Amino acid sequence: MVRYSITLRAGGADVTMESESREELLKRLDDLVALARSVAERVGGQPAAPVPQTAAPVVKTRRRRGKSEAVEVLRHIEEKLIPSGFFREARSTADTRAKLKELVGVLFQSRKVSQALGILYDKGVLRRAGPKGNYRYYMAS
């Protein structure tokens, strides 16, 4: 899903309007300018400059995402794999990914599993051995 936003600087504040529809943003642009002027007057800054009718507003697009897949993988590793003793032996990202598929029923992206394992390494929960790109993770004693 794509979301669009327009931000105007109003004195020391930003006033932003977001929508999933570009047409709605353009239709309500005058409302945003009026709001920015009111904000600027209240905070003592310069009012927002009027937007020329011929100028096309800068519209940023941003993909809306749910909970990060890496966060989801991390949660499953912490709640299911670590308590089960899975990392008593050194395990690769592929081993971990396959075990998660078996337990959770979802085949997570390899790079997200690797990212979650790296987070656990950085926290000191797991240790790793092997060359970069071929790490094997195991429990820190």
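See the structure shown above.
These numbers come from a predicted model, not from an experiment. (Residues numbered from 1 in each chain as written. Predicted model: local features only at pLDDT ≥ 70, side-chain atom pairs only at ≥ 80, totals over all residues. Heavy atoms only, no water.)

A. Expanded view of the overall build of the protein chain. Helix and strand content of the protein chain: five helices and five strands. Going residue by residue from the N terminus, the α and β elements of the protein chain occur as β-β-α-α-β-α-α-α-β-β. The buried share of the protein chain, reckoned over its 141 residues, is 28%. In the protein chain, the proportion of contacts linking residues at least 24 apart, taken out of those at least 6 apart, comes to 45%. (Helix = DSSP H or I, 4+ residues; strand = E, 2+ residues; numbered from the N terminus. Buried < 20%, exposed > 50% of the residue type's maximum accessible area, 1.4 Å probe, protein only. Contact = heavy atoms within 4.5 Å.)

B. View of the packing of aromatic side chains. This model, assessed by the stated rule, comprises two aromatic pairs. Ring geometry for Phe 86 and Phe 87: centres 5.0 Å apart, planes at 85°, overall edge-to-face. Of the two residues, Phe 86 and Phe 87, both sit in the buried class. Ring centres 6.2 Å apart and planes at 65° place the aromatic pair Tyr 135 and Tyr 137 in the edge-to-face group. Positioned above the aromatic ring of Phe 86 is the side chain of Arg 91, whose terminal nitrogen or guanidinium carbon lies 4.2 Å from the ring centre. (Phe/Tyr/Trp six-rings, centres within 6.5 Å; stacked < 30°, edge-to-face > 60°. Lys NZ or Arg CZ within 6 Å of the ring centre and 35° of its normal.)

C. Region of the structure containing the pattern of salt bridges. Taken as a whole and judged by the stated rule, the model has six salt bridges. A salt bridge links Glu 72 to Arg 75; the nearest nitrogen and oxygen atoms lie 2.6 Å apart. In this pair, Glu 72 and Arg 75 both sit in helix α3 (residues 69-84), three residues apart, roughly one turn of the helix. Taking relative accessible area as the criterion, Arg 75 reaches 31% and is therefore assigned partly exposed. A salt bridge links Glu 102 to Lys 99; the nearest nitrogen and oxygen atoms lie 3.2 Å apart. Remark: Lys 99 and Glu 102 occur in helix α4 (residues 93-104); sequence separation between them is three residues, near one turn of the helix. Under the relative-accessibility criterion, Lys 99 is labelled partly exposed at 24%. If you follow the salt bridges from partner to partner, you end up with Glu 72, Arg 75 and Glu 79 in one network. (Salt bridge = Lys/Arg side-chain N within 4 Å of Asp/Glu carboxyl O.)

D. Inspection of the packing of α3 against helix α5 (residues 110-123) at higher detail. Running from N to C, α3 and α5 point in directions that differ by 65°, and their axes come no closer than 8 Å. Crossing geometry of α3 relative to α5 is assigned as right-handed. Of α5, the residues touching α3 (which contributes Glu 69, Ala 70, Val 73, Leu 74, Ile 77, Glu 78 and Ile 82) are Lys 112, Val 113, Gln 115, Ala 116, Leu 117, Ile 119, Leu 120 and Lys 123. (Axes fitted to C-alpha atoms, helices over the stretch in contact; angles between N-to-C directions. Left-handed = near helix turned anticlockwise from the far one by under 90°.)

E. Focus on the packing of α4 against α5. Two numbers describe how α4 lies on α5: the axes approach to 9 Å, and their chain directions differ by 105°. Classified by the angle their axes make, α4 and α5 are roughly perpendicular. Touching Thr 93, Thr 96, Arg 97 and Leu 100 of α4 are Ser 110, Val 113, Ser 114 and Leu 117, all from α5. Tallied by class, residues from the contact of α4 with α5 come to three nonpolar, four polar and one charged. (Parallel < 35°, antiparallel > 145°, perpendicular 65-115°, else oblique. Nonpolar A, V, L, I, M, F, W, Y, C, P; charged D, E, K, R; others polar.)

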